[in-house]
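The residues making up each chain are set out below.
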Amino acid sequence: MGGFEKVALGYPLMSTREDMERVAAAVTASIPAERSKKDAVLLMGHGTHHPSNAFYAALMFQLQLDDPNIFVGTVEGYPEVDLLKQLLLEKGIKRPICSLSCRWLATITILPSYTGDELVVTATRFPVKEKESSRFVTVADSEKLRETGATNVMEALGRIGGLGYKSLAPIGINKQGMNSSVYVRGVEDGELILINASPFTNIYIDYQYSWYETAFIDRYDSGKVERTDQESTFHFLDLRYENERFRAKAFGMHDKRITADYVDTVFDEEKERLNYNYGVESDYRFVFSGGTEVIAGADYVHRFADYKNNYGEKSRDDYGIFAELRKDFNDEMILTLGVREQFIDNEEGTTDYDSFLPSAGVTWKVDESWNLFVNAGKAFQAPTFTQLYYEGRIIVGNPDLDPESGWTYEAGFKWDSEHASARVAGFYMTYKDKIEIDRSQGRPYHYFNAGSFDTKGAEWNLGLYPFSGHDGFLSDVSFSAAGYWANPVAENPDGEDYQPGPKFQNTFGVSYATSPFNLDLQCRILAGREDDLENYTAFDMTGKVKAWKGYVTFAVENVFDTEIQTTGNLLEDAKSRFVYYEPGRLARLGYLVSF
């Protein structure tokens, strides 16, 4: 009747010692021959609550009999990722790990470098390793941001090197409608890529909530005192679906601030400011033969603001379509071409915007150590509601503002060896109609389109691991330097050149990292500052010590209590001279437990 003639049942794979040895030998044989024995290889499986999960640890034991730097971990079982990080630190392995893809039993993939150095980045919309990107990318995973000892993300970005941080209030809090900012290469609104070390798969939901009350006091030489009491509530939510080919995201943000102003203790007025936006984004990745890939997609954002005392309700719709092509030539040359058409529909009676934004980049893999890159791209940014319409005693909007646009040209190299790494780039950035603030006439300040605006210079990120691979205390010590030199020049409303941002920033660091103890020392330098602000050199110290289930954490920011001017204008001929300061030395002690 067509039934089976014979049915044979056998033991699962790796059920015997001999099977385990054969599987381990097969996995080891598939590792690329150019991989150094000092490079760690991490095999990741899904994991299970079934007793068979024990075979992951058993396989790692068998593999390490032949090669002690091969590790096996799981996403939802044991050994877990945190344990693998601990094992790597104990071995003094801090360099990027060997990448490998294979299929065995279930899907096994290699975990990207736990340090974040080899994480997939999105300098383009293609998943590409940092070293293979045709752009100078600042990689900052969540661990790196935490290790700065900062109290918020904005401060952390200002301490990782190559980035400047300008606050309008201590601890990064936004004052009224003004926002703290991070500038790149001496220019605000530069480009920044943030990477979190967790891989994205399937469906994710992110939600953030914050609330605070604070007060600001402005003291004038005349004796007048202005005070602002502020309450702020912020919500952010997004829903993402992602797989290897298709990505989609829906998101929304709601930010409300209520302020009460006083002049010499006399109540002046209460203001309510509301911002919210929502939108969707989606793209699809097409993979063709011959190392060719294309990503195409679209996005939409609705923006709304209601500044009751300043300009009332305003809204607009931003949407765009984009496409990007990537061609890999024999694993030696990578070409990336991108295009985007950006549309902005403003309210009736105002001007709509649209802009065509091309980009191109090339990466040349000289050898396993050296990559050369070059790229060029156009950027576009429409004026905000505040820049267009705001009416206040401190600043006034300009409804005649044009959108700003600009080109960035960049070339450099990326180099890695056993004991050092380097990322160096030369750049030239030029803007048309860059939106700036004119403080030369005193308060209220006015927004204007700069007649010309450009900056050029160099950016670097250097690492040194002189004792890597050696035994003893020094094997866990590393050094770093990250920063930029730039020459930003802009043209004010009178046609005169001025300096819009600082010329030099660098962060030097020395780190001692093991599993039970971690200590980081940093030296931050900011020089060649704009508006006659003072240069400064500040030192920070952070660390953690293993204690029971977690870590005792400690940090001392601005160890020597250096006076740091965060923003202001101290030019002698300025009609409104002012300055804001960082709060000074700050010490913190805590206990960190990860679940």
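On a predicted model such as this, the values are computed, not experimentally measured, just so you know.

J.: Help me out: how do you make sense of the confidence of the model for the protein chain in this one?
T.: Any region with low pLDDT has predicted coordinates that should not be read closely. Averaged over every residue, the pLDDT of the protein chain is 81; residues scoring 70 or more account for 81%. In this model, residues 95–124 is a region of pLDDT below 50 whose contacts with residues beyond four sequence positions or in other chains number 99 contacts. Note that pLDDT drops below 50 for residues 192–201; the model gives that stretch 26 contacts with residues more than four away or on any other chain.

J.: Hey, could you run me through the side chain of Asp261 in this one?
T.: Note that Asp261 resides in strand S12 (residues 246–263). Take Asp261: its relative accessible area is 0%, and that puts it in the buried class.

J.: How do you make sense of a negative patch on the surface when you look at a structure like this?
T.: Together, Asp532, Glu534, Glu563, Glu572 and Asp573 give the surface a local cluster of negative charge. Residue placement: Glu534 occurs in the loop between strand S29 (517–527) and strand S30 (536–547). A relative accessible area of 42% places Glu534 in the partly exposed class.

J.: What am I meant to see in the environment of Pro500 here?
T.: Along the chain, the position of Pro500 falls in the loop between strand S27 (497–498) and strand S28 (504–513). Ignoring any residue separated from it by four or fewer positions in sequence, one finds Pro500 in contact with Glu436, Phe453, Pro488, Val489, Ala490 and Glu530.

J.: Can you walk me through the pairing of strand S11 (residues 225–242) in this structure?
T.: Each regular strand carries side chains that alternate between the two faces of the sheet. Pairing of strand S10 (residues 202–219) with S11 involves 18 bridges; the strand directions are antiparallel. Residue pairing across strands places Tyr207 opposite Leu237, the latter belonging to S11. Note: S11 against S12, 17 bridges, orientation antiparallel. Following the sheet pairing, Arg240 is matched in S12 by Lys249. Connecting S11 to the antiparallel partner S12 that follows it, the hairpin turn spans three residues.

J.: What am I meant to see in helix H2 (residues 54–66) here?
T.: Quick reminder: α-helices carry 3.6 residues per turn. Residues three or four places apart thus point the same way. What H2 keeps buried is the set Tyr56, Leu59, Met60, Gln62 and Leu63. Along the axis of H2, the buried residues cluster in a sector spanning 165 degrees; they form a single face. Across H2 from its buried face, at more than 90 degrees, point the exposed residues Phe61 and Leu65.

J.: Whenever I open this one, the sheet that holds strand S22 (residues 435–438) confuses me. Can you help?
T.: Adjacent strands of a sheet pair through backbone hydrogen bonds, lying either parallel or antiparallel. Pairing is mixed in the open sheet, where three strands are placed in the order S19-S23-S22. On the outer flanks of this sheet lie strand S19 (395–396) and S22, each paired with one strand and no other. Relative to strand S23 (residues 445–449), S19 is paired through two bridges, and the arrangement is parallel. Each bridged residue has a counterpart across the sheet, and for Ile395 the counterpart in S23 is Tyr445.

J.: How do you make sense of the pairing of S28 when you look at a structure like this?
T.: In terms of residue burial, S28 counts as a mostly covered element, since seven of its 10 residues are buried. Taken together, the 10 bridges between S28 and S29 define a ladder with antiparallel strand orientation. Within S29, the residue paired with Phe508 across the bridge is Cys523. What sits between S28 and S29 in their antiparallel hairpin is a turn of three residues.

J.: Hey, could you run me through unusual backbone geometry in this one?
T.: Excluding glycine, residues mostly have negative phi values, and the peptide bonds linking residues are mostly trans. Between Tyr78 and the following residue, Pro79, the backbone shows a cis peptide bond with an omega angle of 5 degrees. Positionally, Pro79 belongs in the loop between strand S2 (70–74) and helix H3 (81–90). For Asp532, which is not glycine, the phi dihedral falls at a positive 65 degrees. Inspection of the secondary structure assignment puts Asp532 in the loop between S29 and S30. Positioned with a positive phi, Trp548 is a non-glycine residue whose angle comes to about 60 degrees. Along the chain, Trp548 turns up in the loop between S30 and strand S31 (550–557).

J.: Would you explain a nonpolar patch on the surface in this entry?
T.: Together, Ile203, Ile205, Tyr207, Tyr209, Trp211, Leu237, Leu239, Tyr241, Phe246, Tyr284, Phe286 and Phe288 make up a nonpolar patch on the protein surface, roughly 1200 Å² of accessible area in all. Examining the composition of the nonpolar patch, we find that five residues originate from one element, S10, more than from any other.

J.: Any chance you could explain the packing of aromatic side chains here in plain terms?
T.: For any pair of aromatic rings, geometry is given as the distance between the ring centres together with the angle between the planes. What the rule picks out here adds up to 18 aromatic pairs. Measuring from ring centre to ring centre gives 5.4 Å for Tyr431 and Phe453, while their planes differ by 85 degrees; the resulting arrangement is edge-to-face. In this pair, Tyr431 is assigned in strand S21 (residues 420–432) and Phe453 in strand S24 (residues 453–464), connecting sequence segments 22 residues apart. The pair Tyr431 / Phe453 is uniform in exposure class, with both members buried. For the pair Phe578 and Tyr580, a centre-to-centre distance of 6.1 Å together with 80 degrees between the ring planes defines the contact as edge-to-face. For the pair Phe578 and Tyr580, one class covers both residues: buried. Three or more aromatic residues joined by ring pairs make a cluster, and in this case those are Tyr307, Tyr311, Tyr389 and Tyr390. Across from the ring centre of Phe329, 5.6 Å away, lies the NZ or CZ of Lys327, which sits over that ring.

Criteria and thresholds
- Every residue gets a number counted from 1 within its own chain, in the order that chain's sequence is written.
- Local features in a predicted model are, by the rule used here, given only for residues with pLDDT of at least 70; side-chain atom pairs are given and counted only at 80 or more, and totals for whole chains, interfaces and linings are based on all residues.
- Only hydrogens and water are set aside; all other atoms, that is, all heavy atoms of the structure, feed into the side-chain values.
- For every residue, the predictor reports its confidence as pLDDT, a number between 0 and 100.
- Contacts were defined at the residue level, with two residues in contact if any of their heavy atoms lie within 4.5 Å.
- Starting at the N terminus, helices and strands are each numbered in turn, a helix being any DSSP run of H or I of at least four residues and a strand any DSSP run of E of at least two.
- Think of it in three bands: residues with accessible area under 20% of the maximum for their type are buried, residues over 50% are exposed, and the middle band is partly exposed, with areas taken using a 1.4 Å probe on protein chains only.
- Here a patch means residues that are over 30% exposed by relative accessible area and free of salt bridges, tied together within 9 Å if like-charged and within 5 Å if nonpolar (Val, Leu, Ile, Met, Phe, Trp, Tyr).
- Residue-level accessible areas treat just the shown protein chains as cover; the underlying method is Shrake-Rupley with a 1.4 Å probe.
- Within this document, salt bridges are pairs made up of a side-chain nitrogen of Lys or Arg and a carboxyl oxygen of Asp or Glu, the two lying within 4 Å of each other.
- Positive charges come from Lys and Arg, negative ones from Asp and Glu, while His and the chain ends are left out of the count.
- Just so you know, the charge point we use is NZ for Lys, CZ for Arg, CG for Asp and CD for Glu.
- In this scheme, strands are said to pair when DSSP sees at least two bridges between them.
- Here, the arc refers to the directions that run from the helix axis to the C-beta atoms.
- Any two rings among Phe, Tyr and Trp, with Trp reduced to its six-membered ring, count as a pair given centres within 6.5 Å; such a pair is stacked if its planes are under 30 degrees apart, edge-to-face if over 60, and tilted if neither.
- When the NZ atom of lysine or the CZ atom of arginine is within 6 Å of a ring's centre and also within 35 degrees of its normal, the charge is said to sit over that ring.

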